[in-house]
Amino acid sequence: MLLDNNRRNPAGILPSEITPQSVFADRRLFLQTAGLAAAGLLLPGQSRATQTTLAYQKTAYGKEETLTSLEDVTSYNNYYEFGTGKSDPAREASLFKPTPWAIKIEGAVKQAKTLSLEQLMKLAPLEERIYRMRCVEGWSMVIPWVGLPLKALIDWAQPTGNAKYVVFISANDPQTMPGARMPILDWPYVEGLRMDEAMQPLTLLAVGLYGKVLPNQNGAPVRLVVPWKYGFKGGKAITSIRFVEHMPQTTWMKAGPREYGFYANVNPQVDHPRWTQSSEKPIGGGLFGGRVKTRMFNGYDEVGQLYSGMDLKKYF
Ligand SMILES: Nc1nc2c(c(=O)[nH]1)N[C@H]1C(S)=C(S)[C@@H](COP(=O)(O)O)O[C@H]1N2
Ligand SMILES: [Mo]
């Protein structure tokens, strides 16, 4: 049959391949878009982020710092639910749906309840805070977050006297998160803070960066930011906040108890078993692209009092 067709059509074009002009134009447009996406010019998951501008107040936090570029902040990520490669989240997170969103408040609270993203964003005025972030892997970025102090949510949640720690549970949606379909970590991603760390005014629930809502790869629609701790404390796409009496087992403690402690304070004197923590590489910057010295508590000295009397080599 194929031979017959070819005989009738010397150019070798099968009837099924003769496309009406309009369909062809559509397909060309699609291929163009796909090509741009493949070339990294259209960052998947950024359409919501690039369209939605937030209303927020500027603050003095970090205004002396040199910002990491938006391009680097949104294309070099750790988000294992979308794969373990740094460029995986920007490429793979476009199917993830950050709206509508609700956060469960549970555990040791006066009353368990749920709040929407919109309700959350009304608990306190949104602020821009420029924070230095340091990943335990030895790289850092300076990011202009938009968010509200976690303290505002905790005050609203009304924890009971039994609440000594706060647990943050990230989204676990294998349908839209290819990494979550694989046993890379013990899903869902779980992080935790001691109550006084959670109430510390620096601790932020971020809903945006660079003035716009969070791109999916950075933890849309809401993620934790704790600037004096290694990046892994900042759980992304938080679905539940649970108040508990005992120190929780977090995802990274389970994955490597010798490597990742509960506190995870940035501490240049406590090396990771496999590499130094005394210096870091600023992504996209630094003098001649080199490393800079890491500061205790990532330079946020005011948190030191939270740990007075604690042996920070033991409680790493
Ligand atoms: N749910 C979830 N949250 C996460 C991670 C993750 O894999 N899954 N990675 C953490 C790590 S190791 C870092 S360094 C930061 C990176 O945040 P960024 O990609 O917005 O810079 O997210 C943290 N939050
Ligand atoms: Mo990290």
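Since the structure is predicted, the reported quantities are computational estimates derived from the model, not experimental observations. (Residues numbered from 1 in each chain as written. Chains lettered and ligands numbered in written order. Predicted model: local features only at pLDDT ≥ 70, side-chain atom pairs only at ≥ 80, totals over all residues. Heavy atoms only, no water.)

## A few points about the pairing of strand β1 (residues 102-107)
Next, step 1: One ladder, built from four bridges, connects β1 with strand β2 (residues 113-116); its direction is antiparallel. Across the sheet, the residue bridging to Ile-105 is Lys-113, located in β2.
Next, step 2: Hairpin connection, β1 to β2: the antiparallel pair is bridged by five residues.
Next, step 3: Looking at chain direction, β1 and strand β10 (residues 238-244) are connected through four bridges and run parallel. If you follow Gly-107 over to β10, its bridge partner there is Phe-243. (Pairing = 2+ DSSP bridges. Helix = DSSP H or I, 4+ residues; strand = E, 2+ residues; numbered from the N terminus.)

## Considerations on the environment of Ala-237
Next, step 1: Among the structural elements, Ala-237 can be located in the loop between β9 (223-225) and β10.
Next, step 2: By relative accessible area, which is 0% here, Ala-237 ends up buried.
Next, step 3: For the pair Ala-237 and Asn-216, spaced 21 residues apart in sequence, the C-alpha separation works out to 8.4 Å. (Buried < 20%, exposed > 50% of the residue type's maximum accessible area, 1.4 Å probe, protein only.)

## Overview of the pattern of salt bridges
Next, step 1: Tallied over the full model, the rule gives 15 salt bridges.
Next, step 2: Where Glu-280 meets Arg-132, a salt bridge forms, and the shortest distance between an N and an O atom there is 3.8 Å. Taken together, the residues Glu-280 in strand β11 (residues 279-282) and Arg-132 in strand β3 (residues 127-134) connect sequence positions 148 residues apart.
Next, step 3: Linked by salt bridges that have partners in common, Glu-65, Arg-132, Arg-134 and Glu-280 make up one network. (Salt bridge = Lys/Arg side-chain N within 4 Å of Asp/Glu carboxyl O.)

## Side note on unusual backbone geometry
The general pattern is negative phi for most residues beyond glycine and trans for most peptide bonds.
Next, step 1: In this structure, Pro-100 follows Thr-99 across a cis peptide bond, with omega equal to -10°.
Next, step 2: Among the structural elements, Pro-100 can be located in the loop between α5 (88-92) and β1.
Next, step 3: The omega angle of the peptide bond from Trp-187 to Pro-188 is -5°, so this bond is cis rather than trans.
Next, step 4: On the secondary structure map, Pro-188 appears in the loop between β5 (165-170) and β6 (190-194).
Next, step 5: Despite not being glycine, Tyr-210 shows a phi value in the positive range, around 50°.
Next, step 6: Note that Tyr-210 resides in the loop between β7 (204-209) and β8 (212-213).
Next, step 7: Positive phi outside glycine occurs at Asn-298, with the angle close to 60°.
Next, step 8: Within the secondary structure, Asn-298 is located in the segment after β12 (292-293).
Next, step 9: Looking at Asn-298, the relative accessible area reads 4%, which means it is buried.

## What about the confidence of the model for the chain?
If pLDDT is low for a region, its predicted coordinates should not be looked at in detail.
Next, step 1: Averaged over every residue, the pLDDT of the chain is 88; residues scoring 70 or more account for 84%.
Next, step 2: Taken together, the stretch residues 1-42 has pLDDT below 50 and engages in 13 contacts with residues farther than four places along the chain or on a different chain. (pLDDT = per-residue confidence, 0-100. Contact = heavy atoms within 4.5 Å.)

## Describing the layout of surface pockets
Next, step 1: Empty space within the largest pocket amounts to approximately 520 Å³.
Next, step 2: If you trace the largest pocket, you find 28 residues lining it, with Asn-78, Cys-135, Trp-139, Gly-231 and Phe-232 closest to the centre.
Next, step 3: Of all the secondary structure elements, the ones that give two or more residues to the lining of the largest pocket are β3 and β4 (139-149).
Next, step 4: Per-element tally for the lining of the largest pocket: the top contributor is β4, with four residues.
Next, step 5: Counted by class, the lining of the largest pocket contains 16 nonpolar, seven polar and five charged residues. (1 Å grid on protein atoms, 1.4 Å probe; cavity = no way out; pocket = protein on both sides within 12 Å on 5 of 7 lines; lining within 4 Å. Points joined across faces, edges and corners; volume = space filled by probe spheres on them. Nonpolar A, V, L, I, M, F, W, Y, C, P; charged D, E, K, R; others polar.)

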